[in-house]
Amino acid sequence: MKRVRLPLLALAAAGALALTACAGDSGSDESEAPESGSEEMMFEEGTTMAALSDAGTITIGTKFDQPLFGLQGPGGVEGFDVEIGKIIAGKLGISEDNIEWVETVSANREPFIENGQVDIVIATYTINDERKEVVSFAGPYYMAGQSILVLADNEDIMSEDDLVGQPVCSVTGSTPAAMLEEIGAEPVLTDTYSNCLEPLRNGTVVAVSTDNVILAGLAAQNEGEFKVVGEPFTDEPYGIGLALDDTDFRMWINDVLEESYADGSYEEAWNATAGTVLPFVEPPTPDRY
Ligand code: GLU
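Residues numbered from 1 in each chain as written. Predicted model: local features only at pLDDT ≥ 70, side-chain atom pairs only at ≥ 80, totals over all residues. Heavy atoms only, no water.

Quick word on the site of the ligand
As a reminder of what qualifies: Whether a residue is near a molecule or strand depends on its heavy atoms: it is near if one of them lies within 4 Å of it. Here a polar contact means two N or O atoms within 3.5 Å. Within protein one must be a hydrogen donor candidate and the other an acceptor candidate, and residues neighboring in sequence count only if both atoms are side-chain atoms. Surface accessibility in these figures is a Shrake-Rupley result with a 1.4 Å probe; residues are shielded only by whichever protein chains are displayed. The helix and strand labels rest on DSSP assignments: H or I over at least four residues marks a helix, E over at least two residues marks a strand, and numbering proceeds from the N terminus. For this classification, the nonpolar set comprises Ala, Val, Leu, Ile, Met, Phe, Trp, Tyr, Cys and Pro, the charged set comprises Asp, Glu, Lys and Arg, and every other residue, Gly included, is treated as polar.
Around the ligand sit 17 residues in total, of which Lys63, Ser106, Thr126, Tyr193 and Asp211 are the nearest. In the environment of the ligand, an oxygen atom lies 2.9 Å from a nitrogen or oxygen atom belonging to the side chain of Arg131. One of the side-chain nitrogen or oxygen atoms of Asp211 is found 2.6 Å away from a nitrogen atom of the ligand. Contact with the protein chains covers 100% of the free accessible surface of the ligand, which is 280 Å². Residue assignment for the shell around the ligand shows that the elements contributing at least two residues are helix H6 (175–183), strand S11 (207–211) and strand S13 (236–243). Partitioned by chemical class, the residues of the shell around the ligand number six nonpolar, six polar and five charged.

Things to note about the pairing of strand S8 (residues 146–151)
The test is simple: Burial status follows relative accessibility: with a 1.4 Å probe on protein chains alone, a residue under 20% of its type maximum counts as buried, one over 50% as exposed, and anything between as partly exposed. Strands were regarded as paired on the criterion that DSSP finds at least two bridges between them.
Across the six residues that make up S8, a large majority, five, are buried. Taken together, the four bridges between S8 and S11 define a ladder with antiparallel strand orientation. When the sheet's bridge partners are listed, Ser147 is paired in S11 with Thr210.

Things to note about unusual backbone geometry
Each neighbour pair has its own omega, and for Gly139 with Pro140 the value is 10°, a cis peptide bond. By the secondary structure assignment, Pro140 is in strand S7 (residues 135–144). The phi dihedral of Thr124 falls on the positive side, at around 40°, and the residue is not glycine. Counting through the fold element by element, Thr124 comes out in the loop between strand S6 (120–121) and helix H5 (129–132). For Asp245, which is not glycine, the phi torsion reads 70° and is therefore positive. If you trace the backbone, Asp245 turns up in the loop between S13 and helix H9 (247–262). For Asp245, a relative accessible area of 63% puts it in the exposed group.

Considerations on the nonpolar core
Let me state the cut-off plainly: By nonpolar core is meant a set of buried Ala, Val, Leu, Ile, Met, Phe, Trp, Tyr and Cys residues that side-chain atoms within 4.5 Å join together. By definition in these notes, contact holds between two residues if any of their heavy atoms fall within 4.5 Å.
In terms of nonpolar packing, the biggest core is built from 55 residues, with Ile120, Tyr141, Ile240 and Ile253 touching the most fellow members. With residues near it in sequence (within four places) discarded, Ile240 still touches Ile84, Ile88, Ile120, Val121, Ile122, Ser136, Phe137, Ala138, Tyr141, Ile253 and Leu257.

Digging into the side chain of Thr210
Positionally, Thr210 belongs in strand S11. Under the relative-accessibility criterion, Thr210 is labelled buried at 0%. Excluding residues that lie within four positions of it along the chain, Thr210 makes contacts with Gly145, Gln146, Ser147, Pro176, Tyr193 and Leu215.

As for the pattern of salt bridges
Our working rule: By definition, a salt bridge exists where a carboxyl oxygen of Asp or Glu is found within 4 Å of a side-chain nitrogen of Lys or Arg.
Inspection of the entire model under this criterion finds eight salt bridges. Close ionic contact of Arg201 with Glu198 constitutes a salt bridge, the shortest N to O distance being 3.0 Å. With a gap of three residues between them, Arg201 and Glu198 both fall in helix H7 (residues 197–201), about one helical turn apart. Each of the salt bridges in this network shares a partner with another, and the network as a whole consists of Glu83, Lys86 and Glu96.

Okay, here's the thing in structure tokens:
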């Protein structure tokens with residue numbers, strides 16, 4: 001079916017004209033104002049935005065076991081990454097109920113994007129050059145950094161220097177796993193961060209190392225059992241992963257992120273999720289590479 005898509009500017013101009021015309025005859029009748037949420041989605045034909053908007057559904061990969069960012073609960077998956085996904089879907093005219101959430105663990109994010117199992121991945125996903133060889137990234141929308149989680153009564157580990165030669169749990173396919181190798185720790189790798197907690201409890205490993213915000217969520221979920229120590233020792237800019245070379249979609253998601261910064265929806269999403277434990281910080285400007 002061929003569908004005519006008006007450029008957004010033309011639509012905005014038409015709307016402005018219509019409003020001017022109304023103003024003359026009925027004064028300031030509030031019923032003339034366009035209802036929020038009723039604006040028709042118009043995307044250029046052939047774009048991913050048009051395809052998703054027409055389909056009325058989007059498949060998003062996220063974590064299912066990371067409190068604050070992506071956690072499967074009784075009412076569905078929740079967290080800051082999930083809220084970012086809802087904001088993007090909303091701009092495509094897709095309601096929350098029509099988002100299909102798929103669990104992506106650290107190691108399968110690139111393959112899931114590459115083979116089309118998901119439309120986007122929002123999963124504490126660090127933007128880096130190696131990953132940019134096979135997928136694209138919108139964002140960053142948050143800056144995390146690698147840190148260390150130990151048992152609450154541990155007094156021996158204070159920084160990454162104390163991890164040298166020590167067994168430390170992290171996750172296959174993650175940037176912290178590679179960094180542990182680099183600093184001379186002995187990485188003990190599993191598939192998800194929640195699977196690192198039992199080895200930490202029983203002493204198989206002395207610490208868990210990944211992004212500070214993930215560790216903060218695990219510590220908050222298990223009150224009194226663990227603590228985060230030291231200062232973050234890497235930069236982990238979180239991006240939204242999508243198909244390599246889908247530049248229109250990447251730039252459009254960057255626009256959506258910037259709109260969410262400006263209209264307060266980003267801060268609202270943060271406050272309702274990660275913000276219950278972590279302070280709000282001004283979001284980074286997306287890198288429009
Ligand atoms: N942000 C890091 C990464 O993308 C660690 C967190 C994770 O594994 O999701 O690898």
